[in-house]
Amino acid sequence: MTVTRERLQMAPSLVLTPAVVAHRGASGHRPEHTLDAYRTAIRMGVDDIELDLVSTRDGVLVARHDLELSTTTDVASRADLAHLRRTRTVDGVAQRGWFAQDLTLAELKTLATRERMPRTRPANTAYDGAEGVSTLTEVLAMVAAESVRRGRGVGVLLELKHADHHDRAGLPLDEPLLRELARHGLDHPWARVTLMSFEAGILRRLAGRTRLPIIQLLEPGDDVTPEALDRIDDYADGIGPHTSMVLPRDATDATGPPSSLVRDAHRRGLTVHVWTLRGENRFLPRHLRHGDAPDGLGDLTAAVRAMLDAGVDGIITDHPEQALRARREVSQAEPAG
Ligand code: G3P
Ligand code: CA
């Protein structure tokens, strides 16, 4: 399918689709999961921000991608927290470090955030130490304030990380999640909140407890046969596949024609939000790289256009400004014929 101006304008939604979603905020420009990263994305004009959630020891949901905190905070340099260093097995992988589930919110609030990929994104390190870790409550309050300030709604895609692991630790994520959403008046289907996870268990549970839209995240190797999509359709409203599941790469690392996944999902009424489009050469297909430097910027706008042509409903990206540009270009193009 080629994306036409008609498709963009006739989307049966108050929100322009395909949606542009800022992955962990505008994480190509600021350290991920900082309020600055989210605000930067909102300023750029994104439809939604995406955030990952894990639990503290006292059951508070915070915006972090990893349970282990040393990659994105200064915890390893904190002598006063050295006693909390542990070896934990998370989803089958043993790790040594400082885990959110071992720190109270008060302890976590003393940490400073920093850039995850300092060699790839050196400019982002200028913001290291500028912010602490944010709670879900703080992010929702910021989004509400920005929506009012800018006179437009901004959606949030909430990804529940390591849900089974949290269950086993006695810190189920669904309880504080639903409590917080209710407290903010956001637990209703028009609230522009979407719930996501790679784990079907928590999504099935949530489907029975909320009418918010649900996205089943998928990674390469996951079952996407028609039978599997039928099972997902029992509890979810959409899927969130890795880019390579929509536009597979060939032996030369270039993308070719789309797989049948978008069509198969749409036949069942499932939306498709694809992750994660990143601007640096190391993440792009070979034919869209500019030069040889892995951390140099390539043609992400073309990569986004290819995804729009493949028919996806949402682009989850570290560089939202480029996805917005691609969508604008497509919407301004003359209709074919
Ligand atoms: O939005 C989905 C995407 O964020 C999943 O991957 O590892 O970045 O959380 P990850
Ligand atoms: Ca995520």
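Residues numbered from 1 in each chain as written. Chains lettered and ligands numbered in written order. Predicted model: local features only at pLDDT ≥ 70, side-chain atom pairs only at ≥ 80, totals over all residues. Heavy atoms only, no water.

Novice: Looking at this model, I keep getting lost on the overall build of the chain. Mind explaining?
Specialist: Summing up its helical and strand segments, the chain has twelve helices and eleven strands in all. Its C-alpha atoms give the chain a radius of gyration of 20 Å, near enough to 20 Å, the size a compact globule of 337 residues would have. If one aligns the C-alpha atoms of the chain with their principal axes, the spans along those axes are about 65 × 50 × 45 Å. Burial analysis of the chain (337 residues in total) assigns 53% to the buried set. Considering only contacts in the chain between residues 6 or more positions apart, those separated by 24 or more positions represent 65%. Of the roughly 14,500 Å² of accessible surface on the chain, 51% is carried by carbon and sulfur atoms. In the chain, the 43 positive side-chain charges and the 49 negative ones have mean positions that sit 3 Å from each other. (Helix = DSSP H or I, 4+ residues; strand = E, 2+ residues; numbered from the N terminus. Rg over C-alpha atoms; globule rule 2.2 N^0.38 Å. Buried < 20%, exposed > 50% of the residue type's maximum accessible area, 1.4 Å probe, protein only. Contact = heavy atoms within 4.5 Å. Areas by Shrake-Rupley, 256 points an atom, 1.4 Å probe, with all protein chains shown as cover. Lys, Arg positive; Asp, Glu negative; His and termini not counted. Charge placed at Lys NZ, Arg CZ, Asp CG, Glu CD.)

Novice: Mind showing me how you'd approach the coordination of the calcium ion (ligand 2) here?
Specialist: Coordination angles at a metal have ideal targets, namely 109.5 degrees for four tetrahedral donors and 90 or 180 degrees for six octahedral donors. The calcium ion (ligand 2) binds to the protein through E50 (OE), D52 (OD) and E159 (OE), with metal-donor distances spanning 2.1 to 2.2 Å. Positions of the donor residues of the calcium ion (ligand 2), expressed as sequence spacing, correspond to E-x1-D-x106-E. Taken together, the residues E50 in strand β2 (residues 48–55) and E159 in strand β6 (residues 155–160) connect sequence positions 109 residues apart. Pair check on accessibility: E50 and E159 agree, each one buried. (Donors = N, O, S within 2.8 Å, 3.2 Å for Na, K, Ca; no water.)

Novice: Help me understand the packing of helix α11 (residues 300–309) against helix α12 (residues 320–332), please; the structure alone is not making it clear to me.
Specialist: Packed helices, taken two at a time, are described by the angle their axes make and the gap between the axes. One way to put it is that α11 packs onto α12 with a least axis distance of 8 Å and a crossing angle of 55°. Taken together, α11 and α12 sit at an angle that is classed as oblique. With respect to the hand of their crossing, α11 and α12 are arranged in right-handed fashion. Side by side, α11 and α12 meet where L300, T301, V304, R305 and L308 of the first sit next to Q322, A323, R325, A326, R327, E329 and V330 of the second. Here the contact of α11 with α12 is composed, by residue class, of six nonpolar, two polar and four charged. (Axes fitted to C-alpha atoms, helices over the stretch in contact; angles between N-to-C directions. Parallel < 35°, antiparallel > 145°, perpendicular 65-115°, else oblique. Left-handed = near helix turned anticlockwise from the far one by under 90°. Nonpolar A, V, L, I, M, F, W, Y, C, P; charged D, E, K, R; others polar.)

Novice: Looking at this structure, how should I read the nonpolar core?
Specialist: Among soluble globular proteins, nonpolar side chains are generally buried collectively. One finds I49, L51, L158 and L177 to be the most contacted residues of the largest nonpolar core, which totals 67 residues. With six residues, α11 is the single largest residue contributor to this core. Look past the residues within four positions of L158 in its chain and what remains in contact with it is L51, L53, L136, L177, L181, V193, T194, L195 and M196. Counting residues in hydrophobic clusters, the runner-up holds 15 residues, among them L67, L103, L108 and L111. (Core = buried A, V, L, I, M, F, W, Y, C linked by side-chain atoms within 4.5 Å.)

Novice: Even after reading the chapter, I still don't get the site of ligand 1, so can you show me in this structure?
Specialist: With respect to spatial proximity, the complete set of residues near ligand 1 consists of H23, R24, E50, D52, H65, E159, K161, M196, F198, L217, W275 and I316. One of the side-chain nitrogen or oxygen atoms of E50 is found 2.8 Å away from an oxygen atom of ligand 1. The protein chains hide 91% of the 290 Å² of surface that ligand 1 would expose on its own. Of the residues assigned to the shell around ligand 1, the class counts are five nonpolar, two polar and five charged. (Near = heavy atom within 4 Å. Polar contact = N/O pair within 3.5 Å; in protein donor to acceptor, adjacent residues only side chain to side chain.)

Novice: What should I look at first to understand the pattern of salt bridges in this one?
Specialist: Pairing is possible between side chains that carry opposite charge, provided their charged atoms lie close to one another. Scanning the model with the defined rule gives 28 salt bridges in all. Here D47 and R327 are joined by a salt bridge, their closest N and O atoms 2.7 Å apart. Placement of D47 in the loop between α2 (35–44) and β2 and of R327 in helix α12 is noted, with a sequence separation of 280 residues between them. With a shortest N-O distance of 3.6 Å, D48 and R192 are connected by a salt bridge. Remark: R192 occurs in the loop between α6 (174–183) and β7 (193–197) and D48 occurs in strand β2; sequence separation between them is 144 residues. For R192, a relative accessible area of 28% puts it in the partly exposed group. One salt-bridge network, held together by shared partners, links R24, E32, D52, D66 and R116. (Salt bridge = Lys/Arg side-chain N within 4 Å of Asp/Glu carboxyl O.)

Novice: Looking at this structure, how should I read the packing of aromatic side chains?
Specialist: Aromatic rings in a pair are described by how distant their centres are and how their planes are angled relative to each other. In the structure shown here, the tally under the stated rule is one aromatic pair. Ring geometry for F198 and W275: centres 5.5 Å apart, planes at 80°, overall edge-to-face. Separated by 77 residues along the polypeptide, F198 in the loop between β7 and α7 (200–207) and W275 in strand β10 (residues 271–277) bring together distant segments of the chain. Taking the ring centre of F283 as reference, the NZ or CZ of R278 above it sits at 5.0 Å. (Phe/Tyr/Trp six-rings, centres within 6.5 Å; stacked < 30°, edge-to-face > 60°. Lys NZ or Arg CZ within 6 Å of the ring centre and 35° of its normal.)

Novice: When you look at the pairing of strand β11 (residues 314–317) in this model, what are you seeing that I'm missing?
Specialist: If a strand is regular, its side chains alternate between the two faces of the sheet. A two-sided burial pattern is seen for β11, the buried positions comprising G314 and I316 on one face and I315 and T317 on the other. Two strands pair when backbone bridges link them, and strand β1 (residues 19–23) and β11 are joined in this way by four bridges, in the parallel orientation. Paired with V21 across the strands is I316, a residue of β11. As judged from the three bridges shared by β10 and β11, these two strands associate in the parallel manner. Paired with V274 across the two strands is I315, which belongs to β11. (Pairing = 2+ DSSP bridges.)

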